[in-house]
Amino acid sequence: MYNEIDLDKIDIAAEPPTEEPARQYYFMAKCREWVKSFEQENGRLPKSCVLNFGCQMNARDSEKLRGILREIGYEEASEEQADFVIFNTCTVRENANTRVYGRLGQLKPQKKKNPHMMIGLCGCMMQEPEVVEKLKKSYRFVDIIFGTHNIFKFAELVATRLESDRMVIDIWKDTDQIVEDLPNERKYTFKSGINIMFGCNNFCSYCIVPYVRGRERSRDPRAIVREIERLAADGVSEVMLLGQNVNSYGKTLDTPLTFAQLLQEIEKIEGIRRIRFMTSHPKDLSDELIRVMADSKKICKHLHLPVQSGSTDILTKMNRRYTKEQYLNLVDKLRRAVPDISLTTDIIVGFPGETEEDFEETLDVVRKVRYDSAFTFIYSKRTGTPAAVMEDQIPEDVIKNRFDKLLKEVQAIAAETCAIHEGTVQEVLVEDICDHDPTMVTGRLSNNLLVHFHGGKELIGKYVDVELSECRGFYYIGARR
Ligand code: 5AD
Ligand code: SF4
């Protein structure tokens, strides 16, 4: 267990161990020696900054990187002040890549001024060979490049870079390895994300994730439960179980276990009061899971259920493996079992071949389901995916029109569905001081909606009963009861 390992007791003059995670602790100890000499030379500790560009899985990976940096001895700082900046990238849509190149360009002068400075790049975008080629050619000032499969090797890569003057590149195509018990730096003391599986086998035709995150691998349920027990002992009461497709959890384990069964195990853990999970694929959402959700006292009454499109034709082209009717039936079933469940979704507009009629079908689903909120995306062509070479790519202006129309509809419905709780008293887990008003705090309802109410920082991490006095579109202004 990492918090029982004393880095000072590791003999860094010896050969590095071959097993993990011992090998990584060896390299952390090595890097720490370097930090000590940095401190002597400069009269301060080196500073680092990990920036996240992607989804919740990436955010969780960034916490792991921060944990390793903390063990090594780095202090956290802003991007402008950091001696070591790491971008944890996303590549799900083209504009995510563009942003990274832009930010890298901005970092170049900072690196020129600071002789100690290092730049690291990791995450999904690095799994694309063309990206790494471009970086090697045009961004020589980057120090370390690694991918999604070997993030556990971060300390080793930093040590390698500190010992040589060359750009360190280490990208794995895939892996079946899951390294447990590495350090971790949590953003919040009271809630945490937990990986339950990695990768995706679904190959939706527009999506690059299966190519950059590799094949589906589930974590051992005992490791998951042990991690959550430790978190609970440490004061965490809300957990978010993370995976690209949590509904197919456990299928690849030696002793298969369903996601619903895993949830029941987690439900037993004392100290955990709220359980969330994402993302669910509609095709794999079982009756067993619906039953477990309905019976649970801890699973939050919220489900993120990406529909992507309302047209069965487009869903077929997307390789989603459900029809519009099957999706709507699933929603009915869920609502019957868990009447107050809040539903959210992801929708893509402008998939190749999408006609006006197809788009109307999407609007129809939005009107029928009445989502509490929806993430709407303009289709982005990802090289290497089947959709990228499909005929009938939709012109930009048509997509923009549809997108605006969809957004308007989604927002109008979300404002109405959000407002139905007005006047009720509900339990809120307080997360932070309110961004806009320091006399207020911000918390979340079980259904994931945000509530702002008067209170101080002593409430952070606590569960408070709050009257939802006024709905303001997507959030509430409340008052303590
Ligand atoms: N273009 C637009 N949106 C995409 N998503 C995934 N791939 C693409 C793409 N190529 C969206 C899907 C998914 C969410 C995480 O990102 O809606 O659910
Ligand atoms: Fe991408 Fe589909 Fe896998 Fe989600 S389920 S990560 S959209 S391929």
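Since the structure is predicted, the reported quantities are computational estimates derived from the model, not experimental observations.

Reading guide: rules and limits
- Residues numbered from 1 in each chain as written.
- Chains lettered and ligands numbered in written order.
- Predicted model: local features only at pLDDT ≥ 70, side-chain atom pairs only at ≥ 80, totals over all residues.
- Heavy atoms only, no water.
- Helix = DSSP H or I, 4+ residues; strand = E, 2+ residues; numbered from the N terminus.
- Contact = heavy atoms within 4.5 Å.
- Polar contact = N/O pair within 3.5 Å; in protein donor to acceptor, adjacent residues only side chain to side chain.
- Buried < 20%, exposed > 50% of the residue type's maximum accessible area, 1.4 Å probe, protein only.
- Lys, Arg positive; Asp, Glu negative; His and termini not counted.
- Salt bridge = Lys/Arg side-chain N within 4 Å of Asp/Glu carboxyl O.
- Near = heavy atom within 4 Å.
- Areas by Shrake-Rupley, 256 points an atom, 1.4 Å probe, with all protein chains shown as cover.
- Nonpolar A, V, L, I, M, F, W, Y, C, P; charged D, E, K, R; others polar.
- Pairing = 2+ DSSP bridges.
- Axes fitted to C-alpha atoms, helices over the stretch in contact; angles between N-to-C directions.
- Parallel < 35°, antiparallel > 145°, perpendicular 65-115°, else oblique.
- Left-handed = near helix turned anticlockwise from the far one by under 90°.
- Core = buried A, V, L, I, M, F, W, Y, C linked by side-chain atoms within 4.5 Å.

Position of H454 relative to the elements: it lies in strand β17 (residues 450–454). Taking the C-alpha atoms as reference points, H454 and M440, separated by 14 residues in sequence, lie 4.2 Å from one another. Leave out the neighbours within four places in its chain, and H454 touches D437, T439 and M440. Within the structure, the side chain of H454 is placed 3.3 Å from the side chain of T439, a separation counted as a polar contact.

This part is about the side chain of E216. Tracing the backbone shows E216 in the loop between α6 (209–213) and β9 (217–218). Buried and unpaired, E216 has no salt bridge, with K251 as the nearest side chain of opposite charge at 6.1 Å. A distance of 2.9 Å separates the side chain of E216 from the side chain of S248, its partner in a polar contact. Setting aside anything within four residues of it in sequence, one finds E216 in contact with M197, F198, G199, C200, N201, N245, S248 and T252.

Lining the immediate environment of ligand 1, one finds V92, R93, Y206, Q308, D346, I348, F377, I378, Y379, S380 and R382. Within the backbone of Y206, one N or O atom sits 3.1 Å away from a nitrogen atom of ligand 1. Between ligand 1 and S380, the relevant distance is 2.8 Å, taken from a nitrogen atom to a main-chain nitrogen or oxygen of the residue. In isolation ligand 1 has 410 Å² of accessible area, and contact with the protein removes 86% of it. In terms of residue class, the shell around ligand 1 is built from six nonpolar, two polar and three charged.

Once that is clear, we can look at unusual backbone geometry. Most of the time, phi is negative for any residue but glycine, and the peptide bond is trans. For the bond from E20 to P21, the omega torsion is 5°, close enough to zero to count as cis. By the secondary structure assignment, P21 is in the segment before α1 (22–42). The step from M278 to T279 runs through a cis peptide bond, and the omega angle for that step is 5°. Phi angles above zero are rare outside glycine, and D392 is one such case at about 65°. Examined against the element boundaries, D392 turns out to sit in the loop between β14 (373–378) and α13 (396–419).

For the rest of this paragraph, the subject is the sheet that holds strand β4 (residues 118–123). The strands making up a sheet associate through backbone hydrogen bonding, with each pair oriented either parallel or antiparallel. Taken in spatial order, the six strands make up an open sheet running β2-β1-β3-β4-β5-β6, and their pairing is parallel. Of all strands in the sheet, those bounded by a partner on one side alone are β2 (75–76) and β6 (168–170). Pairing analysis gives five bridges linking strand β1 (residues 47–52) to strand β3 (residues 84–89), with the strands arranged parallel. Considered in β3, the bridge of V50 is made with I86. Contacts between helix α3 (residues 94–113) and the sheet are confined to β1, β3 and β4, with β3 contributing the most and set at about 175° to the helix.

Packed helix pairs are characterised by how far apart their axes lie and by the angle those axes make with each other. Between helix α7 (residues 221–233) and helix α8 (residues 259–267), whose axes approach to 10 Å, the crossing angle comes to 30°. Considering their axes alone, α7 and α8 lie roughly parallel with respect to each other. Our pair here, α7 against α8, has a crossing hand that is right-handed. On α8, the residues touching P221, I224, V225 and I228 of α7 are L262, E265 and I266. Classifying every residue of the contact of α7 with α8 by side-chain character gives six nonpolar, no polar and one charged.

Below, the discussion takes up the side chain of S205. Within the secondary structure, S205 is located in the loop between β8 (197–198) and α6. There is a polar contact of 2.7 Å between the side chain of S205 and the backbone oxygen of K317.

Moving on: the nonpolar core. Ranked by size, the top nonpolar core spans 68 residues in total, and within it I196, L241 and F259 carry the most contacts. In this structure, F259 is in contact with I196, L241, V246, N247, Y249, F277 and L289, ignoring residues within four places of it in sequence. Core analysis: the second largest hydrophobic core is formed by 30 residues, L7, A29, C31 and I144 among them.

As a packed pair, α3 and helix α4 (residues 129–138) sit with axes 13 Å apart at the nearest point and diverge in direction by 15°. Here α3 is positioned roughly parallel relative to α4, judged by the angle of their axes. When you trace α3 past α4, the crossing you get is right-handed. On α4, the residues that touch N97, Y101 and L104 of α3 are V131, K134 and L135.

Right, let's talk about the sheet that holds strand β18 (residues 463–471) for a bit. Pairing is mixed around the closed barrel formed by five strands, whose spatial order is β15-β16-β17-β19-β18. Mean inter-strand twist for the sheet, computed between neighbouring axes without regard to direction, equals 55°. For β17 and strand β19 (residues 475–480), the ladder comprises four bridges, and the chain directions are parallel. Bridge pairing in β19 links F453 to G478.

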